[in-house]
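# Reading the structure
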Amino acid sequence: MSYDLSLLGWNDLRAAELPAGTVPARVARVDRGAAEVIAADGQLQVKYGARVRRASAADPVALPCVGDWVALRLLPEGRHELDEVLPRTTAFIRGGVSRDSVGGLSGDGQGQVLAANVDVVFVAEPSMHSTDFADLGRIERLVALAWESGGTPVVLVTKSDLFEDGLDQLLAEVRVAAPGVDVHAVSSLHGDGVPLVGSYLEGSRTAVVLGPSGAGKSTLVNALAGAEVMETQQVRAADGRGRHTTVHRELIPLPGGGLVIDTPGIRRIGLYDMGEGVDRVFADIEELAERCRFADCGHSGEPGCAVLAALESGELPERRLESWRKLQREAVWMASRTDARLRKEQQNKWRIITKEMRRSGRSRP
Ligand SMILES: Nc1nc2c(ncn2[C@@H]2O[C@H](COP(=O)(O)OP(=O)(O)OP(=O)(O)O)[C@@H](O)[C@H]2O)c(=O)[nH]1
Ligand SMILES: [Zn+2]
């Protein structure tokens, strides 16, 4: 059984990070002290080597997680072990607020990586949720979380078939809530917008779907896969002879190309891991704030406040200002809980991304 790893997202940038004498693999699932990985030779259950054990004892964010690219080393007795986690381009890190830990993650008050190397973050918000309309505040939070991960958010207003009139109006409001982010209406039931969603995964990109329970995440993934993939996913063998095999359902290859990561941790991802992402979601308010007379303006009645002026003129919806205030408070609270190690991992992540961007820029003709 052989796999074409490029279908799982392996590329030259990652290959350049691979230590000599090791083979690459992608983590499909983690268990205590071991991971299920997909290597060119097939699926393997591999134990963590000493280096990984040492690093993760010092800092749990060093633990392998679903989506990670890792280096396997062949031991003399013929087994492979997981020798190193390759630098992550993106990561969803939970800051340790987890009394009810899920997916094998322990809530020990330290950072945990829920998924790594996710390129596209679909934020699914139903156009109607029982009797409520789409929740713009929730979209803002999840978009902030997406930016924070390093991935690219795309907002999907799901169950668009529930809307007869006013869908365009709703999409316009969502676009204001998520500036600079693509926004699409999707109906998995009718198939509307599903191929468009799939097109974001071209080039073997990896996605997650965030959103509240009942947003239609599973239905969308099944629609993308065109079948019962949630149970049996198939990756065509590299030899092109069409041999298929099952990949664990936490890392789901889609027949049209690309992958979706779906784990309990990602499904339940909270709305507390935010920081710099907030600034991007509220770029319009940040811009207004720069025009306030006082640099430390609190936008609560100070003279020359551009934010309140925009509120007055109707340019800035009041709901949006309230959302921003709320998220700012939470981000500050979260930052106070985030320990120095986590911050270091974040810095490291951005350093890696910057490095890769520089490198890919240089290699362009
Ligand atoms: N009308 C309509 N209903 C949909 C659509 N997509 C999903 N549903 C229904 O919405 C309900 C929830 O869909 P799921 O796909 O299970 O939602 P989920 O986001 O995966 O929910 P959790 O598993 O709880 O996180 C199901 O009854 C679906 O049949 C859609 O496009 N239109
Ligand atoms: Zn102000």
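Cut-off values and rules
- Within each chain, residue numbers correspond to sequence positions counted from 1 in written order.
- The lettering of chains begins at A and the numbering of ligands begins at 1, in the order of writing.
- Reporting in this predicted model follows two pLDDT cut-offs: at least 70 for local features of residues, and 80 or more for side-chain atom pairs to be given and counted; totals over whole chains, interfaces and linings ignore these cut-offs and use all residues.
- With hydrogens and water set aside, each side-chain value is computed from the structure's full complement of heavy atoms.
- UniProt positions are given in the numbering used here, feature names are shortened, and annotations may be inferred rather than shown by experiment.
- Near residues are defined by distance, with any heavy atom within 4 Å of the molecule or strand qualifying the residue.
- Counting of polar contacts relies on pairs of N or O atoms within 3.5 Å, with two restrictions inside protein: one atom must be capable of donating a hydrogen and the other of accepting it, and residues adjacent in sequence are counted only when both atoms are side-chain atoms.
- Secondary structure is summarised from DSSP: a helix means a run of H or I of at least four residues, a strand means a run of E of at least two, and numbering begins at the N terminus for each.
- Residue polarity is assigned by list, with Asp, Glu, Lys and Arg as charged and Ala, Val, Leu, Ile, Met, Phe, Trp, Tyr, Cys and Pro as nonpolar; anything else, Gly included, falls into the polar class.
- For Phe, Tyr and Trp, where Trp contributes only its six-membered ring, two rings pair if their centres lie within 6.5 Å, and the inter-plane angle classes them as stacked under 30 degrees, edge-to-face over 60, or tilted in between.
- Relative accessibility under 20% of the residue-type maximum defines a buried residue, over 50% an exposed one, and the middle range a partly exposed one, all with a 1.4 Å probe and only protein chains included.

The name given to the chain in an unreviewed UniProt entry is Small ribosomal subunit biogenesis GTPase RsgA, with the source organism recorded as Nonomuraea jiangxiensis. A UniProt comment under Subcellular location (unreviewed entry) is attached to the chain, and it reads "Cytoplasm". On record in UniProt, under Sequence similarities (unreviewed entry), the comment for the chain is "Belongs to the TRAFAC class YlqF/YawG GTPase family. RsgA subfamily."

## Here's the deal with the site of ligand 1
For ligand 1, the set of nearby residues contains 15 residues, the closest of which are Asp161, Ser213, Lys217, Thr219 and Arg267. One of the side-chain N or O atoms of Lys159 is found 3.0 Å from an oxygen atom in ligand 1. A distance of 2.9 Å is found between an oxygen atom of ligand 1 and a backbone nitrogen or oxygen belonging to Gly216. In terms of residue count, helix α6 (residues 217-225) provides more of the shell around ligand 1 than any other element does, three residues in total. Split into classes, the residues belonging to the shell around ligand 1 amount to four nonpolar, seven polar and four charged.

## Quick look at the packing of aromatic side chains
Per the counting criterion, the structure on display carries three aromatic pairs. Considering the side-chain rings of Trp10 and Trp69, the 4.9 Å spacing of their centres and the 50° angle between planes classify their relative orientation as tilted. With Trp10 in the segment before α1 (12-15) and Trp69 in strand β4 (residues 69-74), this residue pair connects regions lying 59 residues apart in the sequence. Like Trp10, the residue Trp69 is buried in the burial classification. Relative to Phe163, the ring of Phe133 has its centre 5.8 Å away and its plane inclined at 70°; by these criteria the two rings are edge-to-face. Placement of Phe133 in strand β10 (residues 132-133) and of Phe163 in the loop between β11 (152-158) and α4 (167-177) is noted, with a sequence separation of 30 residues between them. Residue classification places Phe133 among the exposed positions, given a relative accessible area of 55%.

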